Amino acid sequence: MKVYKPEWQCTFSVNEGAEESAGWKDRIAWRLRGVADWLEGGGRTVKIDYRVTPTISQHEVDTCLGKGFEVTQRLLSQLAQQQACEDVMRHAKAELYVEDTQH
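Source: prediction; values computed, not measured.

**Observations regarding the confidence of the model for the protein chain**
Now for step 1: Confidence along the protein chain averages 91 in pLDDT terms, with 96% of residues attaining 70 or more.
Now for step 2: Mean pLDDT in the protein chain bottoms out at helix α1 (residues 24-40), which sits at 92, and peaks at helix α2 (residues 58-92), which reaches 95.

Here you go:
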């Protein structure tokens, strides 16, 4: 009986800047990305590199990335809501947040 073994490989990395060993092209590209962030007045530029074998369609890659960013957006919203609640509590009940330094 022949045994079939599926094989695949996936590498995924997100970079926020040029690595120390980056060549001049990468360094210039990251400098341009930084200028674009500055011109737009905020945001954060990231570069996503991935290699998947066997090959999957660009549509499937885009769908996966989109779902990942949706999860990120939900997590950031939850954190913002928690921080807003804490800010309200710190304002409304400041005495609860005063540290006792007499111990």
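**A few points about a nonpolar patch on the surface**
Now for step 1: Residues F12, V14, V46 and Y50 make up a contiguous nonpolar surface patch of roughly 350 Å² in combined accessible area.
Now for step 2: Position of V14 among the secondary structure elements: in strand β1 (residues 9-15).

**Section: unusual backbone geometry**
Now for step 1: The peptide bond linking T53 to P54 adopts the cis configuration, its omega dihedral lying at 0°.
Now for step 2: Its place among the elements puts P54 in the loop between β2 (47-53) and α2.

**Comments concerning the layout of surface pockets**
Now for step 1: Of the voids in this model, the largest pocket is the one considered here, and its volume is about 200 Å³.
Now for step 2: Lining the largest pocket are F12, V14, V46, I48, L65, G68, F69, T72 and L76.
Now for step 3: In terms of residues, the lining of the largest pocket owes the most to one element, α2, which gives 5 residues.
Now for step 4: Looking at side-chain class alone, the lining of the largest pocket contains 7 nonpolar, 2 polar and no charged residues.
Now for step 5: Approximately 160 Å³ is the volume found for the second largest pocket.
Now for step 6: Around the second largest pocket, the lining residues are N15, G17, A18, E19, A22, D26, A29, W30, R33, K47 and D49.
Now for step 7: Of all the secondary structure elements, the ones that give two or more residues to the lining of the second largest pocket are α1 and β2.

**A closer look at the environment of V46**
Now for step 1: As for its placement among the helices and strands, V46 is situated in the loop between α1 and β2.
Now for step 2: For the pair V46 and V14, spaced 32 residues apart in the sequence, the C-alpha separation amounts to 6.4 Å.
Now for step 3: Ignoring any residue separated from it by four or fewer positions in sequence, one finds V46 in contact with V14, N15, E16 and W30.

**Here we look at the side chain of D37**
Now for step 1: Following the sequence through the fold, D37 ends up in helix α1.
Now for step 2: Among buried charged residues, D37 stands out as having no salt bridge; its nearest opposite-charge side chain is R44, 7.8 Å away.

Reading the values: rules and limits
- The residue count restarts for each chain, going from 1 along the sequence in the order it is written.
- The predicted origin of the model limits local features to residues at a pLDDT of at least 70 and limits the giving and counting of side-chain atom pairs to 80 or more, whereas totals for whole chains, interfaces and linings rest on all residues.
- Excluding hydrogens and water, the side-chain figures rest on all heavy atoms present in the structure.
- Summary of the metric used: pLDDT quantifies the predictor's per-residue confidence within the range 0 to 100.
- In this description a helix means any DSSP run of H or I spanning at least four residues, a strand means any run of E spanning at least two, and both kinds are numbered starting from the N terminus.
- Without a salt bridge and with relative accessible area above 30%, a residue can belong to a patch; like charges are then joined within 9 Å and nonpolar side chains (Val, Leu, Ile, Met, Phe, Trp, Tyr) within 5 Å.
- Calculation of accessible area relied on Shrake-Rupley with a 1.4 Å probe; when residues are assessed, cover is drawn exclusively from the protein chains displayed.
- Each reported salt bridge corresponds to a side-chain nitrogen of Lys or Arg within 4 Å of a carboxyl oxygen of Asp or Glu.
- Grid spacing is 1 Å over the protein atoms alone, the probe is 1.4 Å, and a cavity is where that probe fits but cannot get out, while a pocket is an open set with protein on both sides within 12 Å along at least five of seven lines and lining residues have an atom within 4 Å of a point.
- Grid points are joined across faces, edges and corners, and a volume is the space filled by probe spheres set on the points.
- Following the grouping adopted for this structure description, the nonpolar residues are Ala, Val, Leu, Ile, Met, Phe, Trp, Tyr, Cys and Pro, the charged ones are Asp, Glu, Lys and Arg, and the polar ones are all others, Gly among them.
- The contact criterion used throughout is that any non-hydrogen atoms of two residues lie within 4.5 Å.
- Partly exposed residues are those whose accessible area sits between 20% and 50% of the maximum for their type, while under 20% is buried and over 50% is exposed, using a 1.4 Å probe and protein chains only.
- In this tally, Lys and Arg are treated as positive and Asp and Glu as negative; His is ignored, and so are the chain termini.

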